[in-house]
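Examining the three-dimensional arrangement
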Amino acid sequence: MSQPESFPPATGGPTQPPAAAPEPAAPAASQQSPNQPKSAAKTIAGPRRVRLALTRIDPWSVMKASFLLSVAAGIMLVVAAAFVWFMLDAMHVFSTVQDLLSTIMDSNYNAYSALLEYMKFSRAISMATVIAVVNIILTTALATIGAFLYNITAALVGGVHLTLADE
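The residue numbering used here restarts from 1 in each chain and proceeds along that chain's sequence as written. Totals for whole chains, interfaces and linings use every residue, but because this is a predicted model, local features are given only for residues with pLDDT of at least 70 and side-chain atom pairs only at 80 or more, for both listing and counting. Remark: hydrogens and water are excluded; side-chain values derive from all non-hydrogen atoms of the structure.

Turning next to the overall build of the chain. The helix and strand labels rest on DSSP assignments: H or I over at least four residues marks a helix, E over at least two residues marks a strand, and numbering proceeds from the N terminus. A tally of regular secondary structure across the chain gives five helices and two strands. Beginning at the N terminus, the succession of helices and strands in the chain can be written as α-β-α-α-α-α-β. Accessibility here uses a 1.4 Å probe with only protein chains present; expressed as a share of the type maximum, an area under 20% marks a residue as buried, one over 50% as exposed, and anything in between as partly exposed. Across the 167 residues in the chain, those meeting the buried criterion constitute 13%. In the chain, the proportion of contacts linking residues at least 24 apart, taken out of those at least 6 apart, comes to 79%. In the structure as shown, the chain presents an accessible area of about 13600 Å², 67% of it carried by carbon and sulfur atoms. Pairs of residues are marked as contacts when any of their non-hydrogen atoms sit within 4.5 Å. Throughout, the Shrake-Rupley method with a 1.4 Å probe supplies accessible areas, and for residues the shown protein chains are the sole cover considered.

Here it is, written out as structure tokens:
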């Protein structure tokens, strides 16, 4: 039969040093039954602190998270490109550039028509989409390689040590 938690462990044997005198228990705590919740007898003086060491990062988790974040960044890039194009079009920047180029160059000149082709909305969105796809691939690959490199480095030096505090 085991002793209840309120009693200190037995001391004074040949292998154990004698224990210090136990602290007097509060009278209400000794009269409670085991099913009732105990009142807080101790108060914490300050925030709790825990020291942790980040010794390994799962590369598969890093790959999934970086892929999702880079897809979100790619969507933002395409939307931002469309927004900027519509704002420039609303401020008549493209028509002003077209008028300026028509006064400088001959309209039958191939460079003039190629430049006007690059200023179209479909071309701007296509370029933004290509840049976003390349960014997704590179960001995912570099973050995964970074996780592998961190694991190798952490095996050599012990990782990053953190101290977390409860406020």
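The structure having been displayed, the exposition proceeds.
With respect to the element layout, Ala-155 can be found in helix H5 (residues 121–157). Of the residues examined, Ala-155 reaches a relative accessible area of 66% and is grouped as exposed.

This brings us to unusual backbone geometry. One non-glycine residue, His-92, lies in positive phi territory at about 60°. Inspection of the secondary structure puts His-92 in the loop between helix H2 (59–90) and helix H3 (93–104).

Before going further, it helps to spend a moment on the side chain of Thr-144. Examined against the element boundaries, Thr-144 turns out to sit in helix H5. Only 2.8 Å separates the side chain of Thr-144 from the backbone oxygen of Thr-140, close enough to count as a polar contact. With sequence-adjacent residues up to four places away left out, Thr-144 is seen in contact with Pro-59, Val-62 and Met-63. As used in this structure description, the phrase polar contact means that two N or O atoms lie within 3.5 Å; if the pair is within protein, one of them must be able to donate a hydrogen and the other to accept it, and residues adjacent in sequence are counted only when both atoms belong to side chains.

Helix span is expected to be 1.5 Å times the residue number reduced by one. In a regular helix each residue adds 1.5 Å, so 37 residues correspond to 54 Å; H5 covers 52 Å between its end C-alpha atoms and thus fits that length. Where H5 is concerned, the buried positions are Ile-125, Ala-128, Ala-132, Ile-136, Thr-140, Thr-144, Ala-147, Tyr-150, Asn-151 and Ala-154. Contact partners of the buried residues in H5: strand E1 (49–54), H2 and strand E2 (160–165). Looking at the residues trailing H5, positive phi occurs at Gly-158, about 100°.

Attention now moves to the packing of aromatic side chains. When the centres of two rings from Phe, Tyr and Trp lie within 6.5 Å, Trp using its six-membered ring, the rings pair. Their planes under 30 degrees apart give stacked, over 60 give edge-to-face, and anything left gives tilted. A full pass over the atoms with the stated rule returns four aromatic pairs. For the pair Trp-85 and Phe-86, a centre-to-centre distance of 5.6 Å together with 80° between the ring planes defines the contact as edge-to-face. Judged by its relative accessible area of 47%, Phe-86 falls in the partly exposed class. One aromatic cluster in this structure is built from Trp-85, Phe-86, Phe-94 and Phe-121.

Turning next to a nonpolar patch on the surface. Put simply, a patch holds well-exposed residues, over 30% relative accessible area, that have no salt bridge, with like charges counted together within 9 Å and Val, Leu, Ile, Met, Phe, Trp or Tyr side chains within 5 Å. Only one rule defines a salt bridge in this text: a Lys or Arg side-chain nitrogen within 4 Å of an Asp or Glu carboxyl oxygen. Where nonpolar side chains cluster on the molecular surface, the patch consists of Val-130, Val-134, Leu-138, Leu-142, Ile-145, Leu-149, Ile-152, Leu-156 and Val-157 and spans about 930 Å² of accessible area. With respect to the helices, strands and loops of the structure, Ile-145 is situated in helix H5.

All right, on to the side chain of Ser-66 then. Structurally, Ser-66 is set in helix H2. Excluding anything up to four places from it in sequence, Ser-66 contacts Thr-139, Thr-140 and Ala-143.

Evaluated as defined, the whole model comprises one salt bridge. Between Arg-48 and Asp-166 there is a salt bridge; the shortest N-O distance is 3.0 Å. Here Asp-166 lies in the segment after E2 and Arg-48 lies in the loop between helix H1 (27–31) and E1, a separation of 118 residues in the sequence. The exposure class of Arg-48 is exposed, given its relative accessible area of 54%. Residue classification places Asp-166 among the partly exposed residues on the basis of a relative accessible area of 39%.

Let us look at the confidence of the model for the chain. For the chain, per-residue confidence averages 80 on the pLDDT scale, and residues scoring 70 or more make up 70% of the total. The predictor reports its confidence for every residue as pLDDT, a score running from 0 up to 100. This stretch, residues 1–9, has a pLDDT under 50; its non-local contacts, to residues over four places away or in other chains, come to two contacts.

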